[in-house]
Amino acid sequence: MTAKNLLNTTPPYTVERTLKRLGRNLRTARLRRNLTIKSVAEKIGTGPRPVSDAEKGKPSTGIAVYIALLWVYNLLEPMDEIADPVLDEEGLALSMGRERARSRTTEGLENDF
């Protein structure tokens, strides 16, 4: 029996809301460029269904489809900053709290013979 991926059917509310907003934004970008779903699908090498699903913000749509759509619309550059470790203030703060305050001293050789 295969385990059901609840993220695809019932994602956390904020995840679902963000995907739907991204889907609306992608649809707006396509319409502003006067492109059809079919033509965009051909450009990214997929069928119309994944493009339509992305525009609906379906969680089961692969991230590659979302990224490819951003690429087609020349909106990919902001993705460089997503999850950038340098910009992860919370992660940086947490890692600083775990770093050692001092290093362990190594014992040298004794001169007692």
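Thresholds, definitions, all that
Here the residue numbers are simple positions, counted from 1 along each chain's written sequence. This being a predicted model, a pLDDT of at least 70 is required before a residue's local features are given, and a value of 80 or more before pairs of side-chain atoms are given or counted; all residues contribute to the totals for chains, interfaces and linings. Where side-chain values are given, they derive from all heavy atoms of the structure, hydrogens and water being excluded. Strands are runs of DSSP state E lasting at least 2 residues, helices are runs of H or I lasting at least 4, and numbering of each runs from the N terminus. Between buried and exposed lies partly exposed: a residue is buried under 20% and exposed over 50% of the maximum accessible area for its type, with that area taken using a 1.4 Å probe on protein chains only. Note on definitions: a residue-residue contact is assigned when non-hydrogen atoms from the two residues lie within 4.5 Å. Per-residue accessibility takes into account occlusion by the displayed protein chains alone, with areas from the Shrake-Rupley method and a 1.4 Å probe. What the arc covers is the set of directions going from the helix axis to the C-beta atoms. Comment: axis = line fitted to C-alpha atoms, over the contacting stretch for helices; angle = value between 0 and 180 degrees taken between N-to-C directions. Crossings are assigned a handedness: left-handed for a near helix turned anticlockwise from the far helix by less than a right angle, right-handed for a clockwise turn. Classes in brief: Ala, Val, Leu, Ile, Met, Phe, Trp, Tyr, Cys and Pro nonpolar; Asp, Glu, Lys and Arg charged; the others, Gly included, polar. Salt bridge, as used here: a side-chain nitrogen of Lys or Arg that lies within 4 Å of a carboxyl oxygen of Asp or Glu. What goes into a patch is any residue over 30% in relative accessible area without a salt bridge, connected to like charges within 9 Å or, for nonpolar side chains (Val, Leu, Ile, Met, Phe, Trp, Tyr), within 5 Å. Neither His nor the chain ends contribute to the count of charged residues, in which Lys and Arg are positive and Asp and Glu negative. Lys charges are placed at NZ, Arg charges at CZ, Asp charges at CG and Glu charges at CD.

Asker: Quick rundown of the overall build of the protein chain? Include the residues and the values.
Answerer: The number of helices and strands found in the protein chain is 6 helices and 0 strands. Along the chain direction, N to C, the helices and strands of the protein chain fall in the order α-α-α-α-α-α. A burial count over the protein chain gives 21% of its 113 residues as buried. Counting contacts in the protein chain only where the partners sit at least 6 residues apart, residues at least 24 apart contribute 50% of the total. Accessible area of the protein chain: about 9,600 Å², with a carbon and sulfur share of 54%.

Asker: Kindly report on helix α3 (residues 37-44), identifying the contributing residues and their values.
Answerer: All buried positions along α3 are accounted for by V40, A41 and I44. Taken down its axis, α3 places every buried residue within 100° of arc, on the same side. Those residues of α3 that are exposed and aimed more than 90 degrees away from the buried face are K38 and E42. Where α3 is buried, its residues touch α2 (13-32), α4 (48-55) and α5 (63-72). Within two residues after α3, G45 carries a phi angle of roughly 80°, on the positive side.

Asker: Describe the packing of α2 against α5, and please don't skip the residues or the numbers.
Answerer: Taken N-terminus to C-terminus, the directions of α2 and α5 make an angle of 35°; their axes are 11 Å apart at the nearest point. For the pair α2 and α5, the crossing hand works out as left-handed. Facing L19, L22 and L26 of α2, the residues of α5 in contact are Y66, L69 and L70. Taken together, the residues of the contact of α2 with α5 break down into 6 nonpolar, no polar and no charged.

Asker: Could you give an account of unusual backbone geometry, with specific residues and numbers?
Answerer: Phi at N34 takes a positive value of approximately 60°, unusual for a residue other than glycine. With phi around 60°, N74 is a residue other than glycine that occupies positive phi space. For N74, a relative accessible area of 71% corresponds to the exposed category.

Asker: Lay out the pattern of salt bridges in plain terms, naming residues and giving numbers.
Answerer: Under the criterion given, the structure shown has 2 salt bridges. Put simply, R30 and E55 hold a salt bridge, and the shortest N to O gap is 2.6 Å. One end of the pair, R30, is in helix α2; the other, E55, is in helix α4, and 25 residues separate them in sequence. A relative accessible area of 6% means that R30 is categorised as buried.

Asker: Tell me about a positive patch on the surface, and please be specific about residues and values.
Answerer: Taken together, the side chains of R17, K20, R21 and R24 make up a positively charged region of the molecular surface. If you trace the backbone, K20 turns up in helix α2.

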